[in-house]
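# Structural characterization, general
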Amino acid sequence: MGFQGSHSIRGALHSTGLLAMALVASCAVGGSDEPATQDKAAADAVINVLPYGKAKNVAPDTTVLVAAQGGALSAVTVRAGGGAAGRGTVMKGVLSADRTKWRSSRSMSPGTTYTVSATATNPDGKQTKVETAFTTVQSTAAVGIKDITPQKGELVGVGMPIMITFDKEITNRVDVERNLRVVTSKAIEGAWHWVDGKTVHFRPRDYWPSHTKVKLIGQLNGVEVDTGRYATQDFTHEFKVGRSQMSVVNTDTHMMKVRRDGEVIKNFPISAGRGGTWKYYTTNGKHVAMSMEPVVIMDSSTVGCGPGCPGYYRQTVYSNVRISNSGEYVHGAPWSVGSQGNSNVSHGCVNVGPENARWFMKNTLRGDPIDVVGSPRQLEPFNGWGQWQMSWHRWVKGSAVSLAFDTEKL
């Protein structure tokens, strides 16, 4: 209010002066030879920086602000360590359209000194420079990434989820999720879903479009994941979705149909789980190929039936494609060829002939969808990569922000 008042008074005085000059001119004979009054030089620009210089224990997720009064910012550098000429990481930021404000666009590293160097120029072209420094708080326990699936550079099937596992519990899931970016070459709607305190998965609403390039960007360094604990790792993770190959195993017709880019390319006779007890049914629903394993020793001890148990088995099996964590595979089974195409006799796996099994393992990508229909036993959403078993509404509810989003364009 005082600033507005002084401006008003200054304007009134200026108008009075002009009026007085006009009166003098009208009474004088021949006018005046005095030079015109010069404008006062512009005041120096003033630069303000937050956090304040020499501040200690600044939260890493604090926004750095630089503002200029009486001028425009011509240069702003915020650097981790070193000073203006140092070699530390330069923080990214956004400059306002009128060049009077700059703000950082991401979190800072814990336990790090940052130097802010800024230059502003007033309307007369005179520069003002400032350099300040502050230090962020140490993290009580660093939090990093334990695993990201799929692998960097991997070619995957259209059903492949993105799965991130942290090495410690995450309680501030909202900020973590907001700093995970999914960038794709084709427009996709997707959402994150927290499986537990350390694990978050991403899947599109529908299967990925074939031949999509995907880049996962984690800007997590400096994000508070729990009180006093900060993530310390950024990452960029790229992979590519290949051709569309989808298979359907029908436990009633005892056939397995393989479609590639919409066309049927194989139709195998199969034998599925024989049933009788719940564990001997092949799980029904939307599976995803998890791994291709040339040799697997299948031992019923892993499902609670050890030596001496009726139905105990231990067998070396070839050409295996894993489809769940509960021991289910599509695999070669020369011992059940006579039953393939007409009856279900397996302990829960999908039996196919040796030649068909070799072809299927060779021509399958991790992430290829493999649907099983006709069985009464349903696949649990996180028994392996059964994320597609969950409805889209329920999947989105597992997001920390309960929202789906359109991916950024690559």
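Remember, it's a predicted structure, so these values are computed and weren't measured experimentally. Positions within a chain are numbered from 1, following the residues in the order the chain's sequence is written. Local features in this predicted model are restricted to residues whose pLDDT is 70 or higher, and side-chain atom pairs enter the listing and the counts only when it is 80 or higher, whereas totals over whole chains, interfaces and linings include all residues. Just so you know, side-chain values use all the structure's heavy atoms and leave hydrogens and water out.

### What about the overall build of the protein chain?
Put simply, the test is: In DSSP terms, a helix is any run of H or I states spanning at least four residues, a strand is any run of E spanning at least two, and both are numbered starting from the N terminus. Contacts are residue-level and defined by heavy atoms, with any inter-residue pair within 4.5 Å sufficient.
Helix and strand content of the protein chain: 4 helices and 28 strands. In the protein chain, the proportion of contacts linking residues at least 24 apart, taken out of those at least 6 apart, comes to 67%.

### Focus: the sheet that holds strand β19 (residues 255-260)
Note the cut-off: Only strands that DSSP links by at least two bridges are regarded as paired with each other. Where helices are involved, their axes are fitted lines through C-alpha atoms of the stretch in contact, as for all axes, and angles between N-to-C directions lie from 0 to 180°.
Read across the open sheet, the 5 strands follow the order β20-β19-β18-β26-β21; overall the sheet is mixed. In this open sheet, the two edge strands, each paired with only one partner strand, are β20 (263-269) and β21 (285-288). Within this sheet the neighbouring strands show an average axis-to-axis angle of 20 degrees, counted without direction. In the sheet, β19 pairs with β20 via 6 bridges, with the strands oriented antiparallel. Within β20, the position partnered with M256 by the bridge is F268.

### Focus on the state of the cysteines
Note: disulfide means a covalent bond formed between the sulfur atoms of two cysteine side chains. To keep it simple, the criterion reads: Counting rule for disulfides: a pair of cysteine sulfur atoms within 2.5 Å. Think of it in three bands: with a 1.4 Å probe and only protein chains considered, a residue is buried below 20% of the maximum accessible area for its type, exposed above 50%, and partly exposed in between.
Applying the stated criterion across every chain yields a total of 1 disulfide. The disulfide partner of C305 is C309, and the S-S distance across this bridge is 2.1 Å. Given an S-S torsion of about -105 degrees, the disulfide between C305 and C309 has left-handed geometry. Overall, C305 belongs to the buried group, its relative accessible area being 1%. Among the residues examined, C309 registers a relative accessible area of 27% and is labelled partly exposed.

### Section: the sheet that holds strand β22 (residues 291-299)
Pairing within the open sheet is mixed, and its 4 strands lie in the order β22-β23-β24-β25. Taken across any chain shown, the strands that pair with only one partner, and hence form the sheet edges, are β22 and β25 (350-352). The sheet shows a mean angle of 35 degrees between the axes of neighbouring strands, taken without regard to direction. By the bridge criterion, 8 bridges tie β22 to strand β23 (residues 314-322) in an arrangement that is antiparallel. By the bridge assignment, E293 is partnered in β23 with N320. Lying on the sheet, helix α3 (residues 354-362) is in contact with β22, β23, β24 (329-332) and β25; it crosses β23 at an angle near 45 degrees.

### Quick look at the packing of aromatic side chains
To keep things clear, this is the line we draw: Only centres within 6.5 Å qualify two rings of Phe, Tyr or Trp (six-membered ring in Trp) as a pair; their planes then separate them into stacked at under 30 degrees, edge-to-face at over 60, and tilted for everything else. By definition, being over a ring means that NZ of Lys or CZ of Arg is both within 6 Å of the ring centre and within 35 degrees of the ring normal.
Across all of its chains, the model carries 10 aromatic pairs by this definition. Summarising the aromatic geometry, the rings of Y114 and F134 are spaced 5.9 Å apart at their centres and angled 15 degrees between planes, so their arrangement reads as stacked. Linking Y114 in strand β6 (residues 113-121) with F134 in strand β7 (residues 127-135), this pair joins segments that are 20 residues apart in sequence. There is no split in this pair, since Y114 and F134 are both buried. Through successive ring pairs, a cluster of aromatic residues spans W192, F202, W208, F239 and F405. Between R203 and the ring centre of W395, over which it is positioned, the NZ or CZ distance is 5.4 Å.

### Considering the pattern of salt bridges
Keep this limit in mind: Salt bridge criterion: a side-chain nitrogen from Lys or Arg within 4 Å of a carboxyl oxygen from Asp or Glu.
Per the counting criterion, the structure on display carries 9 salt bridges. R314 serves as the salt-bridge partner of D299, at 3.0 Å between the closest nitrogen and oxygen. Residue D299 is found in strand β22, and its partner R314 is found in strand β23; the two are separated by 15 residues along the sequence. For D299, a relative accessible area of 16% gives the class buried. Under the relative-accessibility criterion, R314 is labelled exposed at 51%.

### Things to note about the confidence of the model for the protein chain
Counted only if it meets this: Each residue gets a pLDDT score, which is the predictor's confidence in that residue and runs from 0 to 100.
Mean pLDDT for the protein chain: 89, with 89% of residues reaching 70 or above. Low pLDDT (under 50) marks residues 1-37, which in the prediction has 0 contacts with non-local residues, meaning those over four places away or in another chain.

### Focus on the environment of S109
Within the secondary structure, S109 is located in the loop between β5 (101-104) and β6. Spatially, the C-alpha atoms of S109 and P60 are 6.0 Å apart, while their sequence positions differ by 49 residues. Every residue in contact with S109, bar those within four places of it in the chain, is listed here: P60, Y114, T136 and N221.

### A short note on the side chain of T282
Note the following rule: Any N or O atom pair separated by 3.5 Å or less is treated as a polar contact, with the protein-specific requirement of one donor-capable and one acceptor-capable atom, and with residues adjacent in sequence counted only for side-chain atom pairs.
With respect to the helices and strands, the residue T282 is situated in the loop between β20 and β21. On the basis of relative accessible area, T282 is assigned to the buried category, the value being 2%. In this structure the side chain of T282 is engaged in a polar contact, spanning 2.8 Å, whose partner is the backbone nitrogen of G273. The residues contacting T282, other than those within four sequence positions of it, are A272, G273, E328, G348, C349, V350, V372, S375 and R377.

### Details of the pairing of strand β18 (residues 245-250)
Burial of the side chains of β18 is restricted to one face: Q245, S247 and V249 are buried, whereas none of M246, V248 and N250 on the reverse face is. Hairpin connection of β18 to β19: 4 residues between the antiparallel strands, including H254 at a positive phi of 60 degrees. In the sheet, β18 pairs with strand β26 (residues 369-373) via 4 bridges, with the strands oriented parallel. Within β26, the residue paired with V249 across the bridge is V372.

### Some words on α3
Our working definition: Think of it as the arc spanned by the lines of direction from the helix axis to the C-beta atoms.
Among all positions in α3, only A357, F360 and M361 are buried. Seen end-on, α3 carries its buried residues on one side only, within an arc spanning 95 degrees. Within α3, the exposed residues directed more than 90 degrees away from the buried face are E355 and K362.

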